[in-house]
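Coordinate analysis (summary)
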Amino acid sequence: MASTADFRNGMCIMFKDDIYTIVHFLHVKPGKGPAFVRTKLKNVKTGRVIENTFNSGVKVDEVRVERRQYQYLYKDDMGFNFMNTETFEQISIPETMIENNDLMKEGQIVEIQFHAETETPLTAEMPSFVELQITQTIEGEKGNTASSTALKPATLETGAEIMVPMFIGEGEVIKVDTRDRSYSERVK
């Protein structure tokens, strides 16, 4: 158990039968009335952010969450299969737990959050940027390739489709932002 005095950013608590991370908190001591704590809480599973006010001194259940590095192996009927890079144990995670999972290629390192007491996976986060090769795209028209605002569709080695600038061609390796599926830069 922890009290509101123990609040810190990044702390995980059990709130309304779900696990939340404290994104922001503020202790308020008004001139009149009791002190309270305003918080912004992010649901670990859904990512939804809510605001809540706790009375000062209220007890909350602190939840221990661990982040571990896993390597993506393959996909099957059960979902995505990962291997712990330290213990070599393998786990399977459903597709819905990973955002933009079509940008993930074999050997990719993913960070998975686990509930420490029950050993259940809560979330899986891909790195912010991944390097992928373009397998198919149309050629840019002559005179149009210098523009960085004109975009064309491109298929990546994982099968995902994103929009890239006109000067990018087949076989090139690019850096893709996994948060919004956007082209970042050319690597090779």
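Preceding this paragraph is the structure being described.
Residues numbered from 1 in each chain as written. Predicted model: local features only at pLDDT ≥ 70, side-chain atom pairs only at ≥ 80, totals over all residues. Heavy atoms only, no water.

Any aromatic ring pair is given by two values, namely how distant the centres are and how the planes are angled relative to each other. Per the counting criterion, the structure on display carries six aromatic pairs. Here Y72 and F80 contribute two aromatic rings whose centre-to-centre distance is 5.5 Å and whose plane-to-plane angle is 70°, an arrangement assigned as edge-to-face. F80 matches Y72 in its accessibility class, with the two residues each being buried. Note on Y72 and F82: the rings are 5.7 Å apart at their centroids and 55° apart in plane angle, and the pair reads as tilted. Of the two residues, Y72 sits in strand β7 (residues 65-76) while F82 sits in strand β8 (residues 79-84), which places them ten residues apart along the sequence. In this structure, Y72 and F82 share a single accessibility class: buried. Connected via pairs of aromatic rings, a cluster forms that spans F7, F15, Y20 and F54. Note that R68 overlies the ring of F114, its terminal NZ or CZ placed 4.4 Å from the centroid. Directly above the ring of F129 sits K175, whose terminal nitrogen or CZ lies 5.9 Å from the centroid. (Phe/Tyr/Trp six-rings, centres within 6.5 Å; stacked < 30°, edge-to-face > 60°. Buried < 20%, exposed > 50% of the residue type's maximum accessible area, 1.4 Å probe, protein only. Helix = DSSP H or I, 4+ residues; strand = E, 2+ residues; numbered from the N terminus. Lys NZ or Arg CZ within 6 Å of the ring centre and 35° of its normal.)

Moving on, we come to the pattern of salt bridges. Considering all chains together, one arrives at twelve salt bridges under this definition. Notably, a salt bridge pairs R68 with E66, separated by 2.7 Å at the nearest N-O pair. Relative accessible area serves as the criterion here: at 16%, R68 is assigned to the buried category. Across the pair R181 and D102 runs a salt bridge whose closest N-O atoms are separated by 2.6 Å. (Salt bridge = Lys/Arg side-chain N within 4 Å of Asp/Glu carboxyl O.)

The subject of this paragraph is the sheet that holds β8. Taken in spatial order, the five strands line up as β9-β8-β7-β10-β11 in an open sheet, and their pairing is antiparallel. The outermost strands of the open sheet, each flanked by one partner alone, are β9 (90-93) and β11 (120-125). Here the strands of the sheet are splayed against their neighbours by 45° on average, with no regard to which way each runs. In this structure, β7 lies alongside β8, joined through six bridges in antiparallel fashion. Looking at the pairing, K75 lines up with F80 of β8. (Pairing = 2+ DSSP bridges. Axes fitted to C-alpha atoms, helices over the stretch in contact; angles between N-to-C directions.)

Before going further, it helps to examine the environment of K75. Mapped onto the elements, K75 comes out in strand β7. K75 sits 17 residues away from S92 along the chain, and the two C-alpha atoms are 8.9 Å apart. In this view, K75 contacts F80 and E95; residues no more than four positions away in its chain are not counted. A polar atom in the side chain of K75 sits 3.3 Å from the side chain of E95. (Contact = heavy atoms within 4.5 Å. Polar contact = N/O pair within 3.5 Å; in protein donor to acceptor, adjacent residues only side chain to side chain.)

Fair warning: the whole summary comes from geometry, so function is off the table for now.
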